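So you can see what is in the structure, the chains are spelled out below.
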Amino acid sequence: MLSTLPKNSDPKLIVGFDTADDAAVYKINDDTAIIQTVDFFPPMVDDPYTFGQVAAANALSDIYAMGGTPKLALNLFCFPSKKLPQDAVKAILAGGADKVLEAGAILCGGHTIEDPEPKYGLAVTGFVRPDKVLSNSSAKEGDLLILTKAIGSGVLTTAAKAQLLSGEYEKSLIAAMTALNAKAQQSMLKYEVSSCTDITGFGLMGHVREMAEGSGFTAEIKADAVPILPGALEFANMGIIPAGAYRNREFIEDKVSICETVNRAVSDILFDPQTSGGLLISLPENQAHRLLDDIKAHTPDAAIIGCIKAKGEHAIEVV
């Protein structure tokens, strides 16, 4: 679909849609560029307030992935006004508003429409210095890859819909999905980060593929180093895999080489669509371990999961 859109030639457009990046970036002057993004989706959890938090955190994440700071947010809300209770409507909006406030941004309006299925999210504007913009297509050979959050949220929300998710597993899932990527972004700005993106609906493999191909290299991912949310591997071994994971795998399977020793359930989770996932950060090896220590101080699941190497036959090699 994006390939059919007209190409933009404005030299102040630093990042458009050419590299499937997380947001658009437009230069205002030598000191300021604006970042714009939008994201919304239907509920993945039952509690309305939590849904609002997760949807807002997910939308805000795109600003952090570009190296910026969110400043303005607008609600996007679709719902069946005659079927969704007013208390639920208020709770969804309150969850989003509280997360925007936590991010230090301003919620300044929005738009609602009638829709048979509830959907909520945000349009967000952030700011960044033009020379500090981070892209998903600027990784360098020899970089190490840091993933800041554990994956597996798609598997766990699928288990929750089947009423199979226990209290502890649900608690860790909600904590991960509602957590802002703000502190990880603040940490990475202290280092010479080459590239960054956030992990959402295309799954870890989909977003790694975008980074590897966009940068012109191959990414090597160590399967046993990838952090996985508690319970996700257990349910994946039971075959509880969301349909989106299969679609993600089918879409890029010719771009990915997976070692035969990698457990099938782990392999499935690598393609699992994530909601409000972590950041994938590419930076030089001599700085990666220090950044990881900084991030782990507030995000314990963060891990170095692989590296960027010379372009090979596949965009991703999972070993």
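Overview of the structure. (Residues numbered from 1 in each chain as written. Predicted model: local features only at pLDDT ≥ 70, side-chain atom pairs only at ≥ 80, totals over all residues. Heavy atoms only, no water.)

**Regarding the overall build of the protein chain**
The line we're drawing: A run of H or I in DSSP becomes a helix once it reaches four residues, and a run of E becomes a strand once it reaches two; helices and strands are each numbered from the N terminus. Values of the radius of gyration come from C-alpha atoms, whereas the globule rule sets the reference at 2.2 Å times the count of residues to the power 0.38. Only protein chains enter the accessibility calculation, which uses a 1.4 Å probe; a residue whose area is less than 20% of its type maximum is buried, one above 50% is exposed, and one in between is partly exposed. Contacts are assigned to residue pairs that have any heavy atoms within 4.5 Å of one another. The Shrake-Rupley method, run with a 1.4 Å probe sphere, supplies the accessible areas, and residue values consider only the shown protein chains as cover. The charge count includes Lys and Arg as positive and Asp and Glu as negative, but it does not include His or the ends of the chains. Charge positions come from single atoms, namely NZ of Lys, CZ of Arg, CG of Asp or CD of Glu.
Regarding its fold elements, the protein chain presents ten helices and 13 strands. Its C-alpha atoms give the protein chain a radius of gyration of 19 Å, near enough to 20 Å, the size a compact globule of 319 residues would have. Its C-alpha atoms give the protein chain principal-axis dimensions of roughly 55 × 55 × 45 Å. In the protein chain, buried positions account for 54% of the 319 residues. In the protein chain, the proportion of contacts linking residues at least 24 apart, taken out of those at least 6 apart, comes to 84%. Accessible area of the protein chain: about 14500 Å², with a carbon and sulfur share of 53%. Computing the positive centroid from 27 side-chain charges and the negative centroid from 40, the protein chain places the two 4 Å apart.

**Comments concerning the sheet that holds strand β4 (residues 69–79)**
Which entries qualify depends on this criterion: A pair of strands is labelled paired if DSSP reports no fewer than 2 bridges between them. Comment: axis = line fitted to C-alpha atoms, over the contacting stretch for helices; angle = value between 0 and 180 degrees taken between N-to-C directions.
With respect to topology, six strands assemble into an open sheet ordered β1-β2-β3-β6-β4-β5, the strand pairing being mixed. Because the sheet does not close on itself, it has two edges, and the strands there are β1 (13–15) and β5 (106–114). Going across the sheet, the axis of each strand differs from the next one's by a mean of 20 degrees, ignoring polarity. Alignment of β4 against β5, held across seven bridges, turns out to be parallel. Each residue of the ladder has a partner; that of Leu76, found in β5, is His111. Along the sheet, helix α1 (residues 48–65) makes contact with β3 (33–41), β4 and β6 (119–128), crossing β6 at roughly 30 degrees. Docked against the sheet, helix α2 (residues 86–102) engages β4, β5 and β6, running at close to 170 degrees with respect to β4.

**Some words on the packing of aromatic side chains**
Threshold: Only centres within 6.5 Å qualify two rings of Phe, Tyr or Trp (six-membered ring in Trp) as a pair; their planes then separate them into stacked at under 30 degrees, edge-to-face at over 60, and tilted for everything else.
Under the counting rule described, the total for this entry stands at five aromatic pairs. Ring geometry for Phe51 versus Tyr120: centroids 6.4 Å apart, planes at 75 degrees, classification edge-to-face. With Phe51 in helix α1 and Tyr120 in strand β6, the pair connects residues that are 69 residues apart, well separated along the chain. The exposure classification of Phe51 matches that of Tyr120, with both residues buried. When the centroid spacing of 5.6 Å and the interplanar angle of 80 degrees are considered together, the rings of Phe77 and Tyr120 count as edge-to-face. Here Tyr120 lies in strand β6 and Phe77 lies in strand β4, a separation of 43 residues in the sequence. The exposure classification of Phe77 matches that of Tyr120, with both residues buried.

**A closer look at the state of the cysteines**
To be explicit about the condition: Any two cysteine sulfur atoms lying within 2.5 Å of each other are counted as a disulfide.
Evaluation of the coordinates by the stated rule reveals zero disulfides. Sulfur of Cys196: no disulfide; nearest cysteine sulfur belongs to Cys307 and is 18 Å away. The class of Cys196 is buried, set by a relative accessible area of 0%.

**A look at the sheet that holds strand β7 (residues 144–147)**
Within a sheet, neighbouring strands are paired by backbone hydrogen bonds and run either parallel or antiparallel to one another. Pairing is mixed across the open sheet formed by seven strands, whose spatial order is β8-β11-β7-β12-β9-β13-β10. Each of the sheet's edge strands pairs with one partner strand only, and the pair in question is β8 (195–198) and β10 (256–258). Along the sheet, successive strands turn relative to each other by an average axial angle of 20 degrees, direction set aside. Here β10 runs beside strand β13 (residues 316–318); their pairing, made up of three bridges, is parallel. If you follow Ile258 over to β13, its bridge partner there is Val318. Of the strands in this sheet, β7, β11 (279–283) and β12 (303–309) are in contact with helix α10 (residues 285–296), which crosses β7 at around 10 degrees.

**What about helix α3 (residues 153–161)?**
Three or more residues of α3 are buried, namely Ser153, Gly154, Val155, Leu156, Thr157 and Ala159. Check the buried side of α3 and you find it contacts α4 (167–178), α7 (232–237) and α9 (264–270). The positive-phi residue at the C-terminal boundary of α3 is Gln163, with phi of around 60 degrees.

It is worth stressing that arrangement in space is one thing and function is another; only the former is reported here.
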